[in-house]
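# Overview (structure and organization)
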Amino acid sequence: MKKVSVIILLALSLLLSSCANAGIKNLENVDKPSIGDVEHVEEEKDIDSNETDEESNKIDYEKIKPNENGKVMILMYHGIGEEESEWVRTVENFKKDLQTLYDKGYRLLSLRDYINNNINIEAGYTPVVITFDDGLLNQFNLIEEGGETRIDPNCAVGVLEDFYKDHPDFGRAASFFVYYPVPFRQKELIKDKFDFLIENGYEIGNHGYNHENLGKVSIEEVQESLSKNARQTKEILGDYIVESLALPYGAAPKGDGYKYVISGSFEGFNYFHKAVLKVGSNPAPSPNSIDFDPQRLPRVRASEMKVQGTGIYDYLKYFENNPDKKYVSDGDPNTVTIPESEISNIDIERLEMSNKKLITYNLESNKKADEN
């Protein structure tokens, strides 16, 4: 009897072991969620939720109302001077703009990070992109004082640097679209200025070699202008690659000719612009949106003169009255959080390629549940 009992126990043990192994194999064959799968925050979490999921649960959706498919302002500046005009902002007004943006919950984002959907902004805050056209002296001026060279505190870079020192959480970013032969108008200091900008989080973009109207020249001249600009910048900075273009006068070739503002070649030098910026008059789509076209991006004029309802303060007021229309960060660059109503406006394929997880929420259903 003892021998029989031992045999039975051994048989049961082997059977249980076999079942356990089979169970492990079956679990391995279970389909895992693919990148970009939609997660709804009302769903019950798995025990093995990763850290990103746990962090996403900490968001106060009622308070923050994240919408990472909202609009983003790409602000267009030109001169910073002593007298306000259609294309010039006084130093005082530029400082006012920065302070207003900061106080209203906007945080600086580089154009490059916007294009690449690398938006790392604190939860509840809204990204804003700042751009400057023309590469003027009053945008970046170096002065001599006491035998030392320093940044003019009244030029655009000086104002941005001082504001960053006082408000480091605002961020440090701006794109300068320059043309040649003398960007920023101090020939002997071009490299010093370029080096400073790149080393401190700013960007240098293409604005034609000599500010040509690209809508009025031949396709060959378009390629020559854009290629010479990108090549000259690369020669000054070495490994730096120009990835963005602000269209001079907002003009471009018609029809199929538009493709040459995106890419082309001249004398063996190729250029490619991930971003092409128009003069524009409205905020740009989120990089998660089905409407996102990085090579046809509108901008908002950072002015209060002759803006016809499409200036910086017009849109600040618009977003105050329509907070659901602006981009509001969930605080996690690895996830894209949107109201459930926005799901049909998301470019799922692009989202999957960016290796981000989509999270939706519905405050209305929660309210109804609470009422019941």
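Residues numbered from 1 in each chain as written. Predicted model: local features only at pLDDT ≥ 70, side-chain atom pairs only at ≥ 80, totals over all residues. Heavy atoms only, no water.

Moving on to the pairing of strand β17 (residues 357-361). Most of β17 is tucked away: four of the five residues are buried. Viewed along the sheet, the connection from strand β16 (residues 335-339) through helix α11 (residues 348-353) into β17 turns out right-handed. (Buried < 20%, exposed > 50% of the residue type's maximum accessible area, 1.4 Å probe, protein only. Helix = DSSP H or I, 4+ residues; strand = E, 2+ residues; numbered from the N terminus. Right-handed = clockwise from strand over helix to strand, strands pointing away.)

Turning our eyes to something else, we now look at the confidence of the model for the chain. The predicted model of the chain averages 87 in pLDDT, with 83% of residues at 70 or higher. Taken together, the stretch residues 1-36 has pLDDT below 50 and engages in six contacts with residues farther than four places along the chain or on a different chain. Contacts for the low-pLDDT stretch residues 367-372, under 50 throughout, to residues beyond four places or in other chains number one contact. (pLDDT = per-residue confidence, 0-100. Contact = heavy atoms within 4.5 Å.)

Before going further, it helps to spend a moment on the nonpolar core. Counting residues in hydrophobic clusters, the biggest one holds 58 residues, and the most contacted among them are Met-73, Leu-75, Phe-94, Phe-132, Phe-176, Phe-194 and Val-261. Those residues in contact with Phe-94 that lie beyond four places of it in its chain are Tyr-77, Ile-80, Arg-89, Phe-132, Ala-156, Val-159 and Leu-160. (Core = buried A, V, L, I, M, F, W, Y, C linked by side-chain atoms within 4.5 Å.)

To continue, consider the pairing of strand β8 (residues 148-151). Residues in a regular strand project their side chains so that they alternate between the two faces of the sheet. As paired elements, strand β7 (residues 142-145) and β8 share four bridges and run antiparallel to each other. Bridged to Glu-144 within β8 is Thr-149. (Pairing = 2+ DSSP bridges.)

Our next topic: the packing of aromatic side chains. For the structure on display, the rule yields 17 aromatic pairs. Between Tyr-77 and Phe-132 the ring centres are 5.3 Å apart and the planes differ by 25 degrees, which places this aromatic pair in the stacked class. Within this pair, whereas Tyr-77 is found in strand β2 (residues 73-77), its partner Phe-132 is found in strand β6 (residues 126-134), the two being separated by 55 residues in sequence. Both residues of the pair, Tyr-77 and Phe-132, count as buried. Ring geometry for Phe-132 versus Phe-176: centroids 5.0 Å apart, planes at 5 degrees, classification stacked. Separated by 44 residues along the polypeptide, Phe-132 in strand β6 and Phe-176 in strand β9 (residues 175-178) bring together distant segments of the chain. A single burial state applies to Phe-132 and to Phe-176, both of which are buried. An aromatic cluster of at least three residues, connected via ring pairs, comprises Tyr-77, Phe-94, Phe-132, Phe-140, Phe-176, Phe-184, Phe-194, Phe-196 and Tyr-202. Directly above the ring of Tyr-209 sits Lys-228, whose terminal nitrogen or CZ lies 4.5 Å from the centroid. (Phe/Tyr/Trp six-rings, centres within 6.5 Å; stacked < 30°, edge-to-face > 60°. Lys NZ or Arg CZ within 6 Å of the ring centre and 35° of its normal.)

Inspection of the entire model under this criterion finds 20 salt bridges. For Glu-304, the salt bridge is made with Arg-89, and the minimal N-O distance between the two is 2.7 Å. Pair noted here: Glu-304 is in the loop between β15 (300-301) and α10 (312-321) and Arg-89 is in strand β4 (residues 88-90), with a separation of 215 residues, a long-range link. Connected through shared salt-bridge partners, Glu-84, Arg-89, Lys-96, Asp-97 and Glu-304 make up one network. (Salt bridge = Lys/Arg side-chain N within 4 Å of Asp/Glu carboxyl O.)

Let us look at the environment of Ala-173. Mapping Ala-173 onto the fold places it in the loop between α6 (156-166) and β9. Sequence separation of Ala-173 and Asn-200 is 27 residues, and the distance between their C-alpha atoms is 8.2 Å. Excluding residues that lie within four positions of it along the chain, Ala-173 makes contacts with Leu-108, Leu-109, Ser-110, Ile-130, Gly-201 and Tyr-202.

Let us now look at the side chain of Arg-107. Among the structural elements, Arg-107 can be located in strand β5 (residues 106-108). Exposure remark for Arg-107: the relative accessible area of 7% places this residue in the buried category. From its side chain, Arg-107 meets the backbone oxygen of Tyr-102 in a polar contact 3.1 Å long. When residues no more than four places from it in sequence are discounted, the contact partners of Arg-107 are Leu-101, Tyr-102, Ile-121, Tyr-125, Thr-126, Pro-127, Val-128, Asp-169 and Phe-170. (Polar contact = N/O pair within 3.5 Å; in protein donor to acceptor, adjacent residues only side chain to side chain.)

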